Amino acid sequence: MPKVVVVTSGKGGVGKTTTSASFAAGLALKGFKTVVIDFDIGLRNLDLIMGCERRVVFDIINVIQGNATLNQALIKDKRCPNLFILAASQTRDKDALTKEGVEKLINDFKAMDFDYIICDSPAGIESGALMAMHFADEALIVTNPEVSSVRDSDRILGMLSSKTKRAIDGVDPIKEHLLITRYNPNRVDEGEMLSLDDIKDILRVNLMGVIPESGSVLQASNQGIPSILLEGTDVSEAYKDLVERFLGDTNKPLRFIEASKPGLLKRLMGKK
């Protein structure tokens, strides 16, 4: 049965689109036919992170309004044979997204035998975010270890439980997973960031993964490569762990969450 997964956040700039790209690529590398859809109408960043911006001819609004077919608009990733991208529009308004149009789009993807339909939501609580989450079966809530980001994620959880199709129809609720990005355990120890326990206590959502703070994320974005494909980096390994846990490996331990201890020389010099 195809699954619709929304990647969402209350606050902008938390790594949501980076996560959408890596999560979708990770599922595709596992052999699942996966499409990732950019719902951020007017900005369109997903294709840049995926490195396919020059291949965009038609977008999600063209498809919804009947000006292009899905086959015309879908971009097949060159690195992952099972991965496809549907870009957002840079020129249209978010109001061009309609509930009926999005529902037809989702159903068309299901009819094309996609295993996973990943919806990259815009940040916040406006119409684009509501459309991205409305038909979701599962949600990946992305947050940073800071108070404002966690508080905004709490609002998103409220929307998932009240404004989505599953909530309105009164069926099984959306399965929620928490992903903490830009986590730096050294800064947590120094009191500059919220700890994992702090965040879990506030949101009370299953913690699916922790992505460490790393310059390799910017490096990957600038190269148009999903971070999960940047082999040999801690961020790549963390996203691979996320995919494994999502697919059912509940015994996969969290990594990159312990503060590094100072070396002998630094300890002798009285430095942290």
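This structure is a prediction, so every number in the text was calculated from the model and none was measured.

1. Some details on the overall build of the protein chain
Move 1: For the protein chain, the count of helices and strands is 13 helices and eight strands.
Move 2: In terms of overall size, the protein chain behaves like a compact globule, its C-alpha atoms giving a radius of gyration of 19 Å where 272 residues would be expected to give roughly 19 Å.
Move 3: Considering only C-alpha atoms, the protein chain reaches an extent of 70 × 40 × 35 Å along its principal axes.
Move 4: The buried share of the protein chain, reckoned over its 272 residues, is 51%.
Move 5: Considering only contacts within the protein chain whose residues lie at least 6 apart along the sequence, 73% involve residues at least 24 apart.

2. Here's the deal with the side chain of Thr164
Move 1: Structurally, the position occupied by Thr164 is in the loop between helix H7 (147–160) and helix H8 (165–169).
Move 2: Only 2.9 Å separates the side chain of Thr164 from the backbone oxygen of Leu160, close enough to count as a polar contact.
Move 3: Once you skip the residues sitting within four places of it in the chain, Thr164 turns out to touch Met133, His134, Met159 and Ile174.

3. Some remarks on the packing of aromatic side chains
Move 1: Following the criterion strictly, the structure yields five aromatic pairs and no others.
Move 2: Ring geometry for Phe23 against Phe246: centres 5.0 Å apart, planes inclined by 85 degrees, an arrangement best described as edge-to-face. In this pair, Phe23 is assigned in helix H1 (residues 16–29) and Phe246 in helix H12 (residues 234–246), connecting sequence segments 223 residues apart.
Move 3: Phe23 sits in the buried class, given a relative accessible area of 1%.

4. Things to note about the pairing of strand E2 (residues 34–38)
Move 1: Burial runs high along E2: five of the five residues are buried.
Move 2: The alternating pattern of E2 places Thr34, Val36 and Asp38 and Val35 and Ile37 on opposite faces, both of which are buried.
Move 3: As judged from the four bridges shared by E2 and strand E4 (residues 83–86), these two strands associate in the parallel manner. Directly across from Val35, in E4, lies its bridge partner Phe84.
Move 4: In this sheet, strand E5 (residues 116–120) lies alongside E2 in parallel orientation, the contact comprising five bridges. Considered in E5, the bridge of Ile37 is made with Cys119.

5. A few points about unusual backbone geometry
Move 1: Notably, Asp113 is not glycine yet its phi reads approximately 65 degrees, a positive angle.
Move 2: In this fold, Asp113 is placed in the loop between helix H5 (99–111) and E5.
Move 3: Accessibility expressed as a relative area gives 59% for Asp113, which makes it exposed.
Move 4: One non-glycine residue, Arg182, lies in the positive phi region at around 55 degrees.
Move 5: Within the fold, Arg182 resides in strand E7 (residues 175–183).
Move 6: Assessed through its relative accessible area of 40%, Arg182 is described here as partly exposed.

So, how was this worked out
Residues numbered from 1 in each chain as written. Predicted model: local features only at pLDDT ≥ 70, side-chain atom pairs only at ≥ 80, totals over all residues. Heavy atoms only, no water. Helix = DSSP H or I, 4+ residues; strand = E, 2+ residues; numbered from the N terminus. Rg over C-alpha atoms; globule rule 2.2 N^0.38 Å. Buried < 20%, exposed > 50% of the residue type's maximum accessible area, 1.4 Å probe, protein only. Contact = heavy atoms within 4.5 Å. Polar contact = N/O pair within 3.5 Å; in protein donor to acceptor, adjacent residues only side chain to side chain. Phe/Tyr/Trp six-rings, centres within 6.5 Å; stacked < 30°, edge-to-face > 60°. Pairing = 2+ DSSP bridges.

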